[in-house]
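Per-entry structural report
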Amino acid sequence: MNYSEIYNLHIELLKTYASNKKEGYSSNQTEKDYYRNQLRFAEDTVQRIFVLNQLVKLYELERERMVQWCSEAYFHKKYDVNDSPDGILG
């Protein structure tokens, strides 16, 4: 797999994450904005891949938090289902 294919794979993954994310402000929004801005200044494909990888990590961190919250809400029944961590589940 060459750098161009890795770059395209990251782009597709980010498109998928972005399309599945509901509108609104996320807990990592400032970091996402920072890396999106850095993407404009990346000079070559390797730098762009690094920046895209950081964005993917942020989306995966959000997803991990949501999965953990759902698991705790389901198995422990101590959470109100209308009190989701980012306000989109209720």
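In the block above lies the structure referred to throughout.
Structure report, in brief. (Residues numbered from 1 in each chain as written. Predicted model: local features only at pLDDT ≥ 70, side-chain atom pairs only at ≥ 80, totals over all residues. Heavy atoms only, no water.)

**A word on the overall build of the protein**
Regarding its fold elements, the protein presents 3 helices and 0 strands. Listed by position from the N terminus, the elements making up the protein come as α-α-α. Expressed as a percentage of its 90 residues, the buried residues of the protein come to 26%. Within the protein, counting contacts between residues at least 6 apart in sequence, those at least 24 apart form 54% of the total. (Helix = DSSP H or I, 4+ residues; strand = E, 2+ residues; numbered from the N terminus. Buried < 20%, exposed > 50% of the residue type's maximum accessible area, 1.4 Å probe, protein only. Contact = heavy atoms within 4.5 Å.)

**Notes on helix H3 (residues 45-76)**
With 32 residues, H3 should reach 46 Å at 1.5 Å per residue; the first-to-last C-alpha distance of 46 Å fits that figure. For H3, the full list of buried residues reads Ile-49, Val-51, Leu-52, Gln-54, Leu-55, Val-56, Leu-58, Tyr-59, Glu-62, Met-66, Trp-69 and Ala-73. Buried-residue contacts for H3 involve helix H1 (3-20) and helix H2 (29-41). (Expected span 1.5 Å × (residues − 1).)

**Side note on the nonpolar core**
Counting 10 residues, the largest nonpolar core is built from Leu-14, Tyr-17, Tyr-35, Leu-39, Val-51, Leu-52, Leu-55, Val-56, Leu-58 and Tyr-59. Elements supplying a minimum of two residues to this core: H1, H2 and H3. Not counting chain neighbours up to four residues away, the residues in contact with Leu-58 comprise Asn-28, Glu-31, Lys-32 and Tyr-35. (Core = buried A, V, L, I, M, F, W, Y, C linked by side-chain atoms within 4.5 Å.)

**Let's talk about the packing of H1 against H3**
Look at H1 against H3: their axes get within 10 Å of each other, and the N-to-C directions meet at 30°. Classified by the angle between their axes, H1 and H3 sit roughly parallel to one another. Considering how the two elements wind past one another, H1 and H3 form a crossing that is left-handed. Contact residues: H1 offers Tyr-3, Ile-6, Tyr-7, His-10, Ile-11, Leu-13, Leu-14, Tyr-17 and Ala-18, while H3 offers Thr-45, Val-46, Arg-48, Ile-49, Leu-52, Asn-53, Leu-55, Val-56, Tyr-59, Glu-60 and Arg-63. In terms of residue class, the contact of H1 with H3 is built from 14 nonpolar, 3 polar and 3 charged. (Axes fitted to C-alpha atoms, helices over the stretch in contact; angles between N-to-C directions. Parallel < 35°, antiparallel > 145°, perpendicular 65-115°, else oblique. Left-handed = near helix turned anticlockwise from the far one by under 90°. Nonpolar A, V, L, I, M, F, W, Y, C, P; charged D, E, K, R; others polar.)

**What to know about H2**
The terminal C-alpha atoms of H2, which comprises 13 residues, lie 19 Å apart, in line with the 18 Å expected from a rise of 1.5 Å per residue. Gln-29, Lys-32, Tyr-35 and Leu-39 are the residues of H2 that are buried. The arc enclosing the buried residues of H2, seen along the axis, measures out at 125°, which places them on a common side. Turned more than 90 degrees away from the buried face of H2, the exposed residues are Thr-30, Arg-40 and Phe-41. Looking at the buried residues of H2, the elements they touch are H3. (Arc of directions from axis to C-beta.)

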